[in-house]
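Take a look at the letters that make up each chain.
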Amino acid sequence: MADRDGFIWYDGKLVPWREATTHVLTHSLHYGLAVFEGVRAYNTEIGTAIFRLKEHTDRLFNSAHIYMMKMPYSREELMEAQLEVVRANKLESCYIRPIAFFGSEKMGISTRGASVHVSIAAWPWGAYLGEDGLKRGIRVKTSSYSRHHVNVSMCRAKYSGTYANSILANMEATENGYDEALLLDVDGFVAEGAGENLFVIKDNKIYEPEIASALVGITRASVIEIAAELGYQVVSKRLTRDDIYTADEAFFTGTAAEVTPIRELDGRLIGAGSRGPITEKIQARFFDAVNGRAPEYHRWLTRI
Ligand code: PMP
């Protein structure tokens, strides 16, 4: 990824892609604390636009606040910077990765005395779990690793260290021939995917696991609004893995994963073992929203 043409916004300036580097003694590299976002821009009916820019930027600042990381830029500056990166790289649709991390002034666990740096890169990125996955659904495996306990790491923050847990789970699932992992919390209840929130449908009702150790997803929030528009009230409750085995439909949501149906969990087909009808309706409306085909949701789009 490092050897490309283009520009990365780095500490207030656009720098050539290959020059956006940092020292090996970067604090965040050693201790795993950097806060970041995953954002998408779509080539919409009203021009290239970033989906829910404000919500992603607010979550980035919340993550920094939780870890007492002093952001050297304002929300407005970082929103403008994200737009600038898309423009500078002449991207019509892309994934955007803002990250704030501690610099290399010091070693040792305390972040005191370490500067905070921010970079924003953007590049084209298609369907995270595959185009085929969007249509036919993916195969998921329950992980033998648990999601972080809420008092082990701060689950409201999207920060780099938490993803070692996601990597373990995803590695286990994909090495066993599955597409993605589902993580349970430390009490054994369903939490979320390695990089996605989960929804299940049973008897025409939509459920999601209670958001305790899961990330508060922005795609999730969008899907809850879309479901309401389609006449479904999403119910949050504790879900077990066998609630999913016996569901009629299930799907993951995430900025990268968008709305991806799940056709199988741990070798059990979910419903008919394909994209279910309610999932399909929600997915279609979601893609209408992100692509600017639904004027009601233009409020979620910021044109570049
Ligand atoms: N859970 C985890 C662990 C994630 O990494 C993501 C992706 N950011 C999500 C859920 C979905 O969040 P969002 O819809 O805001 O991308």
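Residues numbered from 1 in each chain as written. Predicted model: local features only at pLDDT ≥ 70, side-chain atom pairs only at ≥ 80, totals over all residues.

Draft legend 1. The arrangement of helix α6 (residues 218-229) in detail. Taking 1.5 Å of rise per residue, 12 residues should cover 16 Å, and α6 covers 17 Å from first to last C-alpha, within 8% of that figure. Taken as a whole, α6 has its buried residues at I218, T219, R220, S222, V223, I226 and A227. Turning to α6, the residues buried within the fold contact α2 (53-66), β11 (197-202), β12 (205-209), β14 (249-254), β15 (258-265) and α8 (277-290). G231 sits one or two residues past α6 and shows a positive phi near 95 degrees. (Helix = DSSP H or I, 4+ residues; strand = E, 2+ residues; numbered from the N terminus. Expected span 1.5 Å × (residues − 1). Buried ≥ 20, exposed ≤ 12 C-beta atoms within 10 Å, placed from the backbone. Contact = placed C-beta atoms within 7 Å.)

Draft legend 2. Structural view of the environment of Y145. Mapping Y145 onto the fold places it in strand β8 (residues 138-146). Given 19 C-beta atoms within 10 Å, Y145 falls into the partly exposed group. With 21 residues separating them along the chain, Y145 and S166 place their C-alpha atoms 8.9 Å apart. In contact with Y145, not counting residues within four places along its chain, are N165, L168, A169 and L183.

Draft legend 3. Region of the structure containing the domain arrangement of the chain. One can read the domain layout of the chain as domain 1 (7-123) and domain 2 (131-290). If you average the C-alpha positions of domain 1 and of domain 2, the two centres end up 26 Å apart. For the side of domain 1 that touches domain 2, the secondary structure elements donating two or more residues are β3 (34-36), β4 (39-44) and α2. At six residues, the largest contribution of residues to the side of domain 1 that touches domain 2 is made by α2. Residue classes in the side of domain 1 that touches domain 2 are distributed as 10 nonpolar, six polar and five charged. (Domains from an automatic or database assignment. Nonpolar A, V, L, I, M, F, W, Y, C, P; charged D, E, K, R; others polar.)

Draft legend 4. Inspection of α2 at higher detail. Between the first and last C-alpha of α2 there are 20 Å, a value that for 14 residues agrees with the 20 Å anticipated at 1.5 Å per step. Of the residues making up α2, those classed as buried are L53, H56, T57, R59, L60 and S63. All buried residues of α2 lie within an arc of 155 degrees about the axis, which places them on one face of the element. At the C-terminal side of α2, M68 shows a positive phi close to 55 degrees. (Arc of directions from axis to C-beta.)

Draft legend 5. Local environment of the packing of α2 against helix α3 (residues 75-88). One way to put it is that α2 packs onto α3 with a least axis distance of 10 Å and a crossing angle of 125 degrees. Classified by the angle between their axes, α2 and α3 sit oblique to one another. The two elements α2 and α3 meet at a crossing, and its hand is right-handed. Contacts from L53, K54, T57 and F61 in α2 reach R75, L78, M79 and Q82 in α3. Across the contact of α2 with α3, the residue classes tally to four nonpolar, two polar and two charged. (Axes fitted to C-alpha atoms, helices over the stretch in contact; angles between N-to-C directions. Parallel < 35°, antiparallel > 145°, perpendicular 65-115°, else oblique. Left-handed = near helix turned anticlockwise from the far one by under 90°.)

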